[in-house]
Amino acid sequence: MESNEFTAFVRRIRERQSAEWQKRRLTSLERFHGEKRSTYVTVERDVNGNIIGYKGYCYEIIHALQKLYNFTYEVEIPGDNTYGRETLNGSWNGMIGLILENRADIAVGVFSVTHSRSQVVDFSVGFLEEPATILIPPPAQESRLLVYAKPFQLQVWVTLMVFASVLPAFLWYFLKCLWIHHQGKYPILGENYAFVLRVLIDQSGQGLPPVGFSPRFLGIVWCVSAVVFASAYVGVLVSFLRFPKLSPIISNLEELPRSQLKWAVVRGTALESLFIEATSGVYKAIGDGLLAHPEDRIFSGTDGIQRVLSGSYGYIEERSYLKAITEQDHAKTGKCRFSFVNQEFFKVNFAFAFPKASPLKPLFDKKILQMIEAGLGEYWKNLYCPSSGADECGIVKQSDGAKSLTLVDLQGAFLILAIGSGLAFLLFLAENFTSLSLSVCV
């Protein structure tokens, strides 16, 4: 008798638990990657626009739990289509608001776990970790106005100009001192400058007069060095013209407030709260801009994409969302019309939200952990967000183009010129002593 009563009691407990699980109230919202639905929550509709089901990474978890606990669910989409943030009067909007108003048992979506949200709701264990970054217009080519000066760095140009200025004077002095034994027109300084410049720009013309060996030796040294300089210059110049340097508009978040770009953030997200509630640093500067321009707190990612396409905005969002946008746009247009800075910030866990002290949370936590450990999380991520191979359109990779040559790069040519000039001077002294004409030149 007692055994039958105990069995009946256990059955009633199980029936009560089953009844509690029978129908759950969920809240979700659907976001779009441009024209493509979000990989996390997708609303399926029939030809008449009626909702017939839900898919995506988050609902893979829900459906797996549904099979385990045998429950059904209904979904309420928040009227303001936001995740939820605290308003000025202390209440919460979006899906968080529906939880607090006891209109939903679970908020299904990629909720960023933040301190302010955790004060009013409980979160499940994190099933994804995602950083934020900035979508910006593609990098621009640097101006080519002064491209012809870029093959050499400034110190190279200065050193080359010093040699080109001093060398003709040395040649003129050598010829002047040795000219006493020759007939003809006396050498002119300007002709030596013309010789040096003609050799440097690879133009034929009048050479040095056949007077002494030291001037001609110095001329040979200059010719050899000039070949190296001219070849290096032409080669690097062609590289600059063929592969121009690409410079990103900004490289990190700190540069955004100082740039010419405006910025946009989706309303009701953790990123909006992060910036608006910040009290110092670059986050506060971003938040002050959003408060000064409420129209930049946008309602959808599509609006943010269009603003970036205008060329005057940066759109701050989760990296995976922006990566999907760039891949989709590249597949559609065949062009890289977007890029995003190669900096990640505000790296947070994604989780579901529950009312405080919800009995569902420990059950969800246990099963979600088991799913992640079994590799289902990575499987679902690859299923709904496969890489298209267009990653090169995302990260702003600053293209250095050709590298301007430094003194170290051309040290061999300058060494030849310096040693040759020294040897030519020694030959000049030897020639003068041999001809006993040194006293004439002093």
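No experiment lies behind these values; they were computed from the predicted model shown. (Residues numbered from 1 in each chain as written. Predicted model: local features only at pLDDT ≥ 70, side-chain atom pairs only at ≥ 80, totals over all residues. Heavy atoms only, no water.)

Asks: How should I be thinking about the overall build of the protein chain in this particular structure?
Replies: Looking only at helices and strands, the protein chain features 15 helices and 16 strands. Across the protein chain, the fraction of contacts at a sequence separation of at least 24, relative to all contacts at a separation of at least 6, is 74%. Counting every atom, the protein chain has about 23,100 Å² of accessible surface; 58% of that belongs to carbon and sulfur. (Helix = DSSP H or I, 4+ residues; strand = E, 2+ residues; numbered from the N terminus. Contact = heavy atoms within 4.5 Å. Areas by Shrake-Rupley, 256 points an atom, 1.4 Å probe, with all protein chains shown as cover.)

Asks: Just to check I follow, could you spell out the nonpolar core for this structure?
Replies: One recurring pattern in soluble globular proteins is that nonpolar side chains are buried together. Among the nonpolar cores identified, the biggest contains 60 residues, and Phe127, Ile316 and Phe352 are the most heavily contacted of them. Of the residues forming this core, the biggest block, 8 residues, is contributed by strand E16 (residues 345–354). Look past the residues within four positions of Phe127 in its chain and what remains in contact with it is Tyr57, Cys58, Ile61, Gly109, Val110, Phe350, Ala351, Phe352, Ile368 and Ile372. If you look at the next biggest cluster of nonpolar residues, it comprises 19 residues, including Leu167, Leu171, Val199 and Trp222. (Core = buried A, V, L, I, M, F, W, Y, C linked by side-chain atoms within 4.5 Å. Buried < 20%, exposed > 50% of the residue type's maximum accessible area, 1.4 Å probe, protein only.)

Asks: Sorry, what's going on with helix H13 (residues 376–384) here?
Replies: Structurally, the α-helix is built with 3.6 residues per turn, so residues lying three or four positions apart point the same way. All of the buried residues along H13 are Gly377, Trp380 and Tyr384. Take H13 and look down its axis: the buried residues cluster within an arc of 65 degrees, on one side only. (Arc of directions from axis to C-beta.)

Asks: So what exactly am I meant to see when it comes to the packing of aromatic side chains here?
Replies: Where two aromatic rings form a pair, the distance of their centres and the angle of their planes describe that pair. As enumerated under the stated definition, the model contains 16 aromatic pairs in all. For the ring pair Tyr40 and Tyr57, a centre distance of 6.2 Å and an interplane angle of 75 degrees mean the geometry is edge-to-face. Here Tyr40, found in the loop between strand E3 (36–37) and strand E4 (42–45), pairs with Tyr57, found in helix H2 (residues 57–69); they are 17 residues apart in sequence, far enough to count as distant. For the pair Tyr40 and Tyr57, one class covers both residues: buried. Seen from their ring centres, Tyr83 and Phe111 are 5.2 Å apart, and the 80 degrees between their planes marks the pair as edge-to-face. Taken together, the positions of Tyr83 in the loop between strand E6 (72–76) and helix H3 (94–100) and Phe111 in strand E7 (residues 106–112) put the pair 28 residues apart, joining distant regions of the chain. Residue class for Phe111 comes out buried when judged on its relative accessible area of 0%. Sitting above the plane of the Tyr313 ring, Arg307 keeps its charged end 5.1 Å from the centroid. (Phe/Tyr/Trp six-rings, centres within 6.5 Å; stacked < 30°, edge-to-face > 60°. Lys NZ or Arg CZ within 6 Å of the ring centre and 35° of its normal.)

Asks: Explain a nonpolar patch on the surface here, please?
Replies: Nonpolar side chains collect at one region of the surface, where Leu154, Val158, Val162, Val166, Phe170, Leu415, Ile419, Leu423, Phe425 and Leu426 lie side by side and expose about 910 Å² of accessible area between them. For the nonpolar patch, the elements supplying multiple residues, two or more each, are helix H5 (154–178) and helix H14 (411–434). If you trace the backbone, Leu426 turns up in helix H14. (Patch = residues over 30% accessible without salt bridge, like charges linked within 9 Å, V, L, I, M, F, W, Y side chains within 5 Å. Salt bridge = Lys/Arg side-chain N within 4 Å of Asp/Glu carboxyl O.)

Asks: Help me understand the environment of Phe364 in this model?
Replies: Mapping Phe364 onto the fold places it in helix H12 (residues 360–373). Sequence-wise, Phe364 and Ile62 are 302 residues apart; in three dimensions their C-alpha atoms are separated by 9.2 Å.

Asks: Whenever I open this one, the packing of helix H6 (residues 189–200) against helix H7 (residues 214–242) confuses me. Can you help?
Replies: The description of two helices packed together rests on the angle between their axes and the distance between the axes. Two elements in contact, H6 and H7, have axes whose closest approach is 8 Å; the angle formed by their N-to-C orientations is 35 degrees. Across the interface between the two elements, Phe195, Val196, Val199 and Leu200 from H6 touch Gly219, Trp222, Cys223, Ala226, Phe229 and Ala230 from H7. The class makeup of the residues in the contact of H6 with H7 is 9 nonpolar, 1 polar and no charged. (Axes fitted to C-alpha atoms, helices over the stretch in contact; angles between N-to-C directions. Nonpolar A, V, L, I, M, F, W, Y, C, P; charged D, E, K, R; others polar.)

Asks: Help me understand unusual backbone geometry, please; the structure alone is not making it clear to me.
Replies: With glycine set apart, most residues show a phi of negative sign, and most peptide bonds adopt trans. Within the chain, Asn81 stands out as a residue other than glycine whose phi angle is a positive 55 degrees. Mapped onto the elements of the fold, Asn81 is located in the loop between E6 and H3. You can call Asn81 partly exposed: its relative accessible area is 34%.

Asks: Please explain the confidence of the model for the protein chain as it appears in this structure.
Replies: Low pLDDT marks regions whose predicted coordinates should not be analysed in detail. Mean pLDDT over the protein chain stands at 79; residues scoring 70 or higher make up 78%. In the predicted structure, residues 396–400 sits below a pLDDT of 50 and forms 15 contacts with residues beyond four places in sequence or in another chain. Within the model, the stretch residues 436–442 combines pLDDT values under 50 with 10 contacts to residues more than four positions away or in other chains. (pLDDT = per-residue confidence, 0-100.)

Asks: Teacher, can you tell me more about the pattern of salt bridges here?
Replies: Where charged atoms from two side chains of opposite charge approach closely, those side chains can pair. Within the structure shown, the criterion is met by 15 salt bridges. A salt bridge links Arg25 to Asp105; the shortest N-O distance between them is 3.0 Å. In this pair, Arg25 is assigned in strand E1 (residues 23–27) and Asp105 in the loop between H3 and E7, connecting sequence segments 80 residues apart. Assessed through its relative accessible area of 13%, Asp105 is described here as buried. Here Arg85 and Glu272 are joined by a salt bridge, their closest N and O atoms 3.4 Å apart. With a gap of 187 residues between them, Arg85 in the loop between E6 and H3 and Glu272 in helix H8 (residues 270–276) connect regions that are remote in the sequence. Assigned by exposure class, Arg85 and Glu272 land together as buried. Here the salt bridges share partners, and the residues they tie into one network are Arg24, Arg25 and Asp105.

Asks: Please explain the packing of H5 against H6 as it appears in this structure.
Replies: Contact geometry for H5 and H6: axes closest at 8 Å, N-to-C directions at 130 degrees. Judged on the interaxial angle alone, H6 and H5 are oblique. Relative to H6, H5 is oriented so that their crossing is right-handed. Taking contact as the criterion, the partners of Ala164, Ser165, Leu167, Pro168, Ala169, Leu171, Trp172 and Leu175 in H5 are, on H6, Leu189, Asn192, Tyr193, Phe195 and Val196. Partitioning the contact of H5 with H6 into residue classes produces 11 nonpolar, 2 polar and no charged. (Parallel < 35°, antiparallel > 145°, perpendicular 65-115°, else oblique. Left-handed = near helix turned anticlockwise from the far one by under 90°.)

Asks: Looking at this model, I keep getting lost on the side chain of Asp329. Mind explaining?
Replies: Structurally, Asp329 can be placed in helix H11 (residues 319–333). Asp329 has contacts with Gly334, Lys335, Arg337 and Phe338, leaving out every residue within four places of it along the chain.

Asks: What's the story with the environment of Leu427 in this structure? I'm lost.
Replies: Summarising the element assignment, Leu427 is placed in helix H14. Judged by relative accessible area, which is 30%, Leu427 ranks as partly exposed. With 214 residues separating them in the primary sequence, Leu427 and Phe213 have C-alpha atoms 7.4 Å apart. Ignoring anything within four residues of it in the chain, the contact list for Leu427 reads Phe213, Ser214 and Phe217.

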